[in-house]
Amino acid sequence: MDGNEYTYATSLYTIAYAIMQVPSTLTVQRVRPALWLMLMEIGWGIWTIAQAGMHSTKQLYAFRFLVGLFESSLSPVMVYLIGSWYTKTEMAKRMALFMMTAPVGTAFSGYLQAAVYNNLDGAHGIEGWRWLYIVTGCMTLPVGIATYFFIPDTPDTATAWFLTTEERALAVERVRKAGTAPPAPVTLRTFVKIMTRWRWYAFVLSYVVCASYLQASIFKCSFFGIWLKSEGYSVAQRNVIPSATWLISGFATVLWGFLSDYTGSRFSFVVIPLLIGLLPNGILAFWPEGVKIKMFTFIAKLIIKYLHVGICKYLLKETVDWVTTEKKTC
């Protein structure tokens, strides 16, 4: 890859990811979330495997767009489901546990990718990087199928085999007592009501700031591997070095969510990581001399990257509830 081709591929993935989130969230209002997620996860796995056969940059662009399209449903639909099952005093830690899967999954994938590349590179005449797509895609497919059987949908529509009638009734009773309304179709009236409330725009503006920080972190963390390559680190080292840091990030993300629920504070637990993030962002912006300072900065970015995201997603759910019920719920 040359020049800005990596940036173009990442941008196309992000565009597809953004395009599909709203349709996916609307779809699960009418289709069982378990069924929709299964279909999207299987598609995600298929297009991941397909990337093993690409031979040009144009094919890479197309595959990354399709992967982003199918991957995009997971996060918004899971936020919708978590918001349906838990009360506001339980929500931040649950969102944090969900967000923890990103850094922890990345950590284990680093070791997995190193093992796949070292042991399968050249096997059956297939290059190691192609095996990475094949193996990870094959792992995704059974998980996608399992989604249909283990996602319980919402408390009002749950038909999961592992929940008794009494447990379903208890789930509905808990969220009703907490003030959570039953799922309702999104109508034109609901849309207009949300779009004419100042609280919605205040949240969107603040979320754009948080998302911009996260997106900048994602690009910087992605360039971590490129920088390691430029410093002469091997393929295995470029996969393994960030992995331990991702594990620390996962633990810190969960701890942050628990502390937010324990203290009842949301604002400070969103703002503090953003302020701390100014330091590594500033260092990377000036790009100082020395390998150690750059290594420290990239690692710091990895650790704090997801701290506030789970809480922001919780606040999204609370903001919508607040706007549609015309009362403050957080």
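What you see is a predicted model; the values in this text were computed from it and never measured.

Definitions and cut-offs
- Residues numbered from 1 in each chain as written.
- Predicted model: local features only at pLDDT ≥ 70, side-chain atom pairs only at ≥ 80, totals over all residues.
- Heavy atoms only, no water.
- Axes fitted to C-alpha atoms, helices over the stretch in contact; angles between N-to-C directions.
- Helix = DSSP H or I, 4+ residues; strand = E, 2+ residues; numbered from the N terminus.
- Parallel < 35°, antiparallel > 145°, perpendicular 65-115°, else oblique.
- Left-handed = near helix turned anticlockwise from the far one by under 90°.
- Contact = heavy atoms within 4.5 Å.
- Buried < 20%, exposed > 50% of the residue type's maximum accessible area, 1.4 Å probe, protein only.
- Phe/Tyr/Trp six-rings, centres within 6.5 Å; stacked < 30°, edge-to-face > 60°.
- Lys NZ or Arg CZ within 6 Å of the ring centre and 35° of its normal.
- Arc of directions from axis to C-beta.
- Core = buried A, V, L, I, M, F, W, Y, C linked by side-chain atoms within 4.5 Å.
- Polar contact = N/O pair within 3.5 Å; in protein donor to acceptor, adjacent residues only side chain to side chain.
- Salt bridge = Lys/Arg side-chain N within 4 Å of Asp/Glu carboxyl O.
- pLDDT = per-residue confidence, 0-100.
- Nonpolar A, V, L, I, M, F, W, Y, C, P; charged D, E, K, R; others polar.
- Patch = residues over 30% accessible without salt bridge, like charges linked within 9 Å, V, L, I, M, F, W, Y side chains within 5 Å.
- Areas by Shrake-Rupley, 256 points an atom, 1.4 Å probe, with all protein chains shown as cover.

Moving on: the packing of helix H2 (residues 33-50) against helix H3 (residues 57-71). Interaxial distance between H2 and H3 falls to 8 Å at its minimum, and their mutual angle equals 160°. One finds that H2 runs roughly antiparallel with respect to H3. Read as a crossing pair, H2 and H3 show a hand that is left-handed. Taken together, the residues of H3 that come into contact with H2 (itself represented by Leu 39, Met 40, Gly 43, Trp 44, Trp 47, Thr 48 and Ala 50) are Phe 63, Leu 66, Val 67, Leu 69, Phe 70 and Glu 71.

Moving on to the environment of Ala 171. Residue position: Ala 171 is located in helix H7 (residues 165-177). Judged by relative accessible area, which is 7%, Ala 171 ranks as buried. Distance in space between the C-alpha atoms of Ala 171 and Ser 84 is 9.4 Å, their sequence separation being 87 residues. Those residues within four positions of Ala 171 in sequence are excluded, and the remaining contacts are Trp 85 and Pro 155.

Counting across every chain of the model gives 10 aromatic pairs. When the ring of Tyr 148 is compared with that of Phe 149, the centres are 5.3 Å apart and the planes differ by 90°; the resulting orientation is edge-to-face. Positioned above the aromatic ring of Phe 258 is the side chain of Lys 93, whose terminal nitrogen or guanidinium carbon lies 5.6 Å from the ring centre.

Along helix H11 (residues 267-276), the residues classified as buried are Phe 269, Val 270, Pro 273 and Leu 274. Along the axis of H11, the buried positions cluster into a sector of 130°, meaning they face one direction only. Exposed residues lying more than 90 degrees from the buried face of H11 are Phe 267 and Leu 275.

Within the largest apolar cluster, 43 residues are counted, with the highest numbers of intra-cluster contacts made by Leu 81, Phe 224 and Ile 311. What Ile 311 contacts, discounting residues up to four positions off in sequence, is Ala 92, Trp 256, Ser 260, Arg 266, Phe 269 and Val 270.

Moving on to the side chain of Ser 73. By secondary structure assignment, the location of Ser 73 is in the loop between H3 and helix H4 (74-85). A distance of 3.3 Å separates the side chain of Ser 73 from the side chain of Trp 36, its partner in a polar contact. For Ser 73, the residues in contact, after removing those within four places along its chain, are Met 20, Ser 24, Trp 36, Leu 37 and Met 40.

Under the definition given, this model contains seven salt bridges. For the salt bridge of Arg 32 with Asp 153, the shortest nitrogen-to-oxygen distance reads 2.7 Å. Here Arg 32 is found in the loop between helix H1 (5-27) and H2, whereas its partner Asp 153 is found in the loop between helix H6 (128-150) and H7, with 121 residues between them in sequence.

Attention shifts here to the side chain of Lys 93. With respect to the secondary-structure elements, Lys 93 resides in helix H5 (residues 88-120). A distance of 3.3 Å separates a polar side-chain atom of Lys 93 from the backbone oxygen of Thr 89. The contact partners of Lys 93, leaving out residues within four places of it in the chain, are Gly 257, Phe 258 and Asp 261.

With 91% of its residues at a pLDDT of 70 or more, the chain shows a mean pLDDT of 83. By mean pLDDT, the top-scoring element of the chain is H2 (94), and the lowest-scoring one is helix H14 (residues 309-325) (71).

The residue Asp 153 is not glycine, and still its phi comes out positive at about 60°. A positive phi is found at Trp 287, a non-glycine position, where the angle reads about 45°. Among the secondary structure elements, Trp 287 is positioned in the loop between helix H12 (278-286) and helix H13 (291-304).

For the rest of this paragraph, the subject is the packing of H5 against helix H10 (residues 235-263). The relative placement of two packed helices is expressed as an angle between their axes plus a distance between the axes. The N-to-C vectors of H5 and H10 enclose an angle of 170°; their axes lie 8 Å apart at closest approach. It follows from the interaxial angle that H5 and H10 lie roughly antiparallel. Here the residues of the contact of H5 with H10 sort into 21 nonpolar, 12 polar and four charged.

Turning our eyes to something else, we now look at the environment of Gly 282. Relative to the elements of secondary structure, Gly 282 occurs in helix H12. Measuring from C-alpha to C-alpha, the distance between Gly 282 and Glu 231 comes to 21 Å, with 51 residues separating the pair along the chain.

With that settled, consider a nonpolar patch on the surface. Together, Leu 35, Leu 39, Ile 145, Tyr 148, Phe 149, Phe 150, Trp 161 and Phe 162 make up an exposed nonpolar region whose accessible area comes to about 790 Å². For the nonpolar patch, the elements supplying multiple residues, two or more each, are H2 and H6. Counting residues per element, the nonpolar patch draws most heavily on H6, at four residues. By the secondary structure assignment, Leu 35 is in helix H2. Residue Leu 35 is classed as partly exposed on the basis of its relative accessible area, which comes to 31%.

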